[in-house]
Amino acid sequence: NFFSHISSDMKRRYWFHDIQLSLFRLTMKRLFSTSHSSVDSKEMKKFQLLAHKWWDEEGEFSALHSMNDIRVPFIRDTLLNMSSNYHLGNPLSGVKILDVGCGGGLLSEPLGRLGASVTGIDPLEDNIRTADQHKSFDPVLAKRIQYKSSSLEEIVEESMETFDVIVASEVVEHVADLEAFIKCCSLVLKPEGSLFITTINKTQLSYVLGIVVAEKIIGIVPEGTHEWEKFVPPEELERLLESNGFSVKTVNGMLYNPLSGSWSWMESTSVNYAMHAVKSGARAQSSPTDALSEMESEQPSATAGTTV
């Protein structure tokens, strides 16, 4: 018998660990079984009709296709600069990435081609079907990418500190509770893991360009896609991240040119921006049960949003 050969102190430690684990599981079940739906039904309706159009490079998601030209190198180069271990041809080999609000897989696929092991989640089943179908054409991607119809908080219990990287590109402007969303990101991210976010600032210029021009005049984004009230200033996002155990490393402005259909980096963050943050190491982090207790005392409703 294993326990007959260990000290009483060790036995107490094992029992204490089991009690902690049981309490954590009970907390998780109570937290998410009693919470409201993490997904805004209005957001779901917006994208339900577009689920089959993700891979039309000239259609409603053309701006997201062209965004890959800058967001993929941003993620790749940032990660490579943080590590001396990389494989020629597959520079992100061994890196586990969670793509939150993956839509049809527009960002998951290029990250998979760089060698990463990617899990893409989206609350809309039609989006996941589209993503699964498209990756099936490439046997390599079929092995490296898995998709799940799920919100972020629905995978927290099974994915505690599982991922090296989380990507939430064009997602946070759609979530129901931004702070709860950030806390869930922290729970599933490994200590010292990276969080990449791209989103839209909340300025008068972003309203004019992001809604009036993009949706109502040019029509490069379906009308009603965005709500200006849900746009997030970088200062607010940075504050939320730092208060939840992240250290913000980079904030870059982004600009879309509708005439050329291309994105470029810029100093100003007045419209679109990209942010990279790193989760604190294990010692600096509170325990998972502490984080979940905080979430229970608040409104525990985040949404994994649909990428647009």
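In the block above lies the structure referred to throughout.
This structure is a prediction, so every number in the text was calculated from the model and none was measured.

Chemist: I'd love a proper account of empty space enclosed by the protein, names of residues and values included.
Modeler: In this approach the atoms are scanned with a rolling probe the size of a water molecule, which exposes any empty space left behind. Evaluation of the coordinates by the stated rule reveals 2 cavities of 30 Å³ or more. Its boundaries defined by the atoms lining it, the largest cavity holds a volume of some 50 Å³. Every element with two or more residues in the lining of the largest cavity is listed here: α3 (62–81), β4 (163–169), β5 (189–200) and β8 (272–279).

Chemist: Tell me about the pairing of strand β2 (residues 117–122), residues and numbers included.
Modeler: For β2, a buried count of 5 out of 6 residues is recorded, marking the element as mostly surrounded by other parts of the structure. One ladder, built from 5 bridges, connects strand β1 (residues 96–100) with β2; its direction is parallel. Pairing of L98 across the sheet is with T119, part of β2. Crossover connection from β1 via helix α4 (residues 108–113) to parallel β2: handedness right-handed. Both β2 and strand β3 (residues 145–149) contribute to a ladder of 5 bridges, which runs parallel. Paired with I121 across the bridge in β3 is K148.

Chemist: Outline the environment of I97, supporting the account with residue identities and numerical values.
Modeler: Mapping I97 onto the fold places it in strand β1. Between the alpha carbons of I97 and L189 there is a distance of 9.4 Å; along the sequence they are 92 residues apart. Other than its neighbours up to four places away in sequence, I97 contacts L92, L111, A116, S117, V118, T119, F163, V165 and V167.

Chemist: I'd love a proper account of the packing of aromatic side chains, names of residues and values included.
Modeler: One pass over the structure, following the stated rule, counts 5 aromatic pairs. With centroids separated by 5.7 Å and ring planes inclined at 85°, the aromatic side chains of F74 and F196 adopt a geometry described as edge-to-face. In this pair, F74 is assigned in helix α3 and F196 in strand β5, connecting sequence segments 122 residues apart. Each of the two residues, F74 as well as F196, counts as buried. An angle of 45° between the planes, with centres 5.1 Å apart, marks the rings of Y256 and W263 as tilted.

Chemist: Kindly report on the pattern of salt bridges, identifying the contributing residues and their values.
Modeler: Taken as a whole and judged by the stated rule, the model has 9 salt bridges. A salt bridge links E109 to R113, with the shortest nitrogen-to-oxygen separation between them at 3.2 Å. Placement of the pair is E109 and R113 together in helix α4, with a separation of 4 residues, close to one helical turn. Assessed through its relative accessible area of 0%, E109 is described here as buried. Residue D126 is joined to R129 by a salt bridge in which the shortest nitrogen-to-oxygen separation is 2.1 Å. Of the two residues, D126 and R129 are both situated in helix α5 (residues 125–135); the distance of 3 residues between them amounts to about one turn of the helix. The class for D126 is partly exposed, based on a relative accessible area of 23%. Given the relative accessible area of 49%, R129 is considered partly exposed.

Chemist: Tell me about the sheet that holds β2, residues and numbers included.
Modeler: What links the strands of a sheet is backbone hydrogen bonding, and the strands pair in either a parallel or an antiparallel sense. Spatial ordering of the open sheet is given by β3-β2-β1-β4-β5-β8-β6-β7, a layout of 8 strands whose pairing is mixed. A single partner strand is all that each edge strand has here, and the edge strands are β3 and β7 (262–266). Strand-to-strand twist of the sheet, defined as the mean angle between neighbouring strand axes without regard to direction, takes the value 20°. Those strands touched by α3 are β4, β5, β6 (246–257), β7 and β8, and its axis lies near 40° from that of β7.

Chemist: Report on the nonpolar core, specifying residues and quantitative values.
Modeler: Counting 35 residues, the largest nonpolar core has L92, I97, L111 and V167 as its most contacted members. Those elements that place two or more of their residues in this core are α3, α5, β3, β4 and β6. Per-element accounting of this core gives the leading share, 8 residues, to α3. Discounting chain neighbours no more than four positions away, the residues touching L92 are L79, L80, I97, L111, L114, G115 and A116. Residues I166, I182, V188 and V248 belong to the second largest nonpolar core, which totals 31 residues.

Chemist: Tell me about the side chain of N272, and please be specific about residues and values.
Modeler: Structurally, N272 can be placed in strand β8. Owing to a relative accessible area of 9%, N272 belongs among the buried residues under this scheme.

Chemist: Kindly report on a nonpolar patch on the surface, identifying the contributing residues and their values.
Modeler: Together, L205, Y207, V208 and L209 give the surface a local cluster of nonpolar side chains, amounting to about 310 Å² of exposed area. You can see Y207 is positioned in helix α8 (residues 204–217).

Chemist: Mind laying out the layout of surface pockets, listing which residues take part and the relevant values?
Modeler: Approximately 410 Å³ is the volume found for the largest pocket. Of all the secondary-structure elements, those providing two or more residues to the lining of the largest pocket are α3, α8 and β6. For the lining of the largest pocket, the per-class residue count stands at 17 nonpolar, 4 polar and 2 charged.

Chemist: Can you explain the packing of helix α7 (residues 178–188) against helix α9 (residues 234–243)? Please cite residues and give values.
Modeler: Axis separation between α7 and α9 bottoms out at 10 Å; the angle between their running directions is 45°. By the angle between their axes, α7 is oblique relative to α9. Seen from above, α7 lies across α9 with right-handed handedness. For the pair α7 and α9, the contacting residues are L178, E179 and I182 in the first and E236, L237, L240, L241 and S243 in the second.

Rules used throughout
- Counting from 1, residues in each chain are numbered in the order their sequence is written.
- Local features are withheld for residues below a pLDDT of 70 in this predicted model, meaning they are given only at 70 or higher, and side-chain atom pairs are given and counted only at 80 or more; totals for whole chains, interfaces and linings count all residues.
- Only hydrogens and water are set aside when side-chain values are computed; all heavy atoms of the structure are taken into account.
- Points on a 1 Å grid over protein atoms alone make up a cavity when a 1.4 Å probe fits among them but cannot get out, and a pocket when they form an open set with protein on both sides within 12 Å along at least five of seven lines; lining residues each have an atom within 4 Å of a point.
- Grid points are joined across faces, edges and corners, and a volume is the space filled by probe spheres set on the points.
- What counts as a helix is a DSSP run of H or I of at least four residues, what counts as a strand is a run of E of at least two, and both are numbered from the N terminus.
- The buried label goes to any residue with under 20% of its type's maximum accessible area, the exposed label to any with over 50%, and the partly exposed label to all in between, with areas taken from a 1.4 Å probe on protein chains only.
- If DSSP finds at least two bridges between two strands, the strands pair.
- When the strands point away from the viewer and the connection leading from the first strand across the helix to the second strand turns clockwise, the crossover is called right-handed.
- Here, two residues are considered to be in contact whenever any of their heavy atoms come within 4.5 Å of each other.
- Two rings from Phe, Tyr or Trp (for Trp, the six-membered ring) form a pair when their centres are within 6.5 Å of each other. A pair whose planes differ by under 30 degrees is stacked, one over 60 is edge-to-face, and the rest are tilted.
- Definition used for salt bridges: Asp or Glu carboxyl oxygen within 4 Å of a side-chain nitrogen of Lys or Arg.
- Whenever a helix is involved, its axis is fitted only over the stretch in contact; in every case the axis is a line through C-alpha atoms, and angles between N-to-C directions fall within 0 to 180 degrees.
- Put simply, buried Ala, Val, Leu, Ile, Met, Phe, Trp, Tyr and Cys residues joined by side-chain atoms within 4.5 Å make one nonpolar core.
- Patch membership needs two things, relative accessible area over 30% and no salt bridge, and members are linked within 9 Å if like-charged or within 5 Å if nonpolar (Val, Leu, Ile, Met, Phe, Trp, Tyr).
- Computed with the Shrake-Rupley method and a 1.4 Å probe, the accessible areas treat only the protein chains shown as cover for residues.
- Under this grouping Gly is polar, as are all residues other than the nonpolar Ala, Val, Leu, Ile, Met, Phe, Trp, Tyr, Cys and Pro and the charged Asp, Glu, Lys and Arg.
- Any angle between 65 and 115 degrees counts as roughly perpendicular, while under 35 counts as roughly parallel, over 145 as roughly antiparallel, and the rest as oblique.
- The handedness criterion is simple: a crossing whose near helix is rotated anticlockwise from the far helix by less than a right angle is left-handed, and one whose near helix is rotated clockwise is right-handed.

This is a description of form; function is not addressed.
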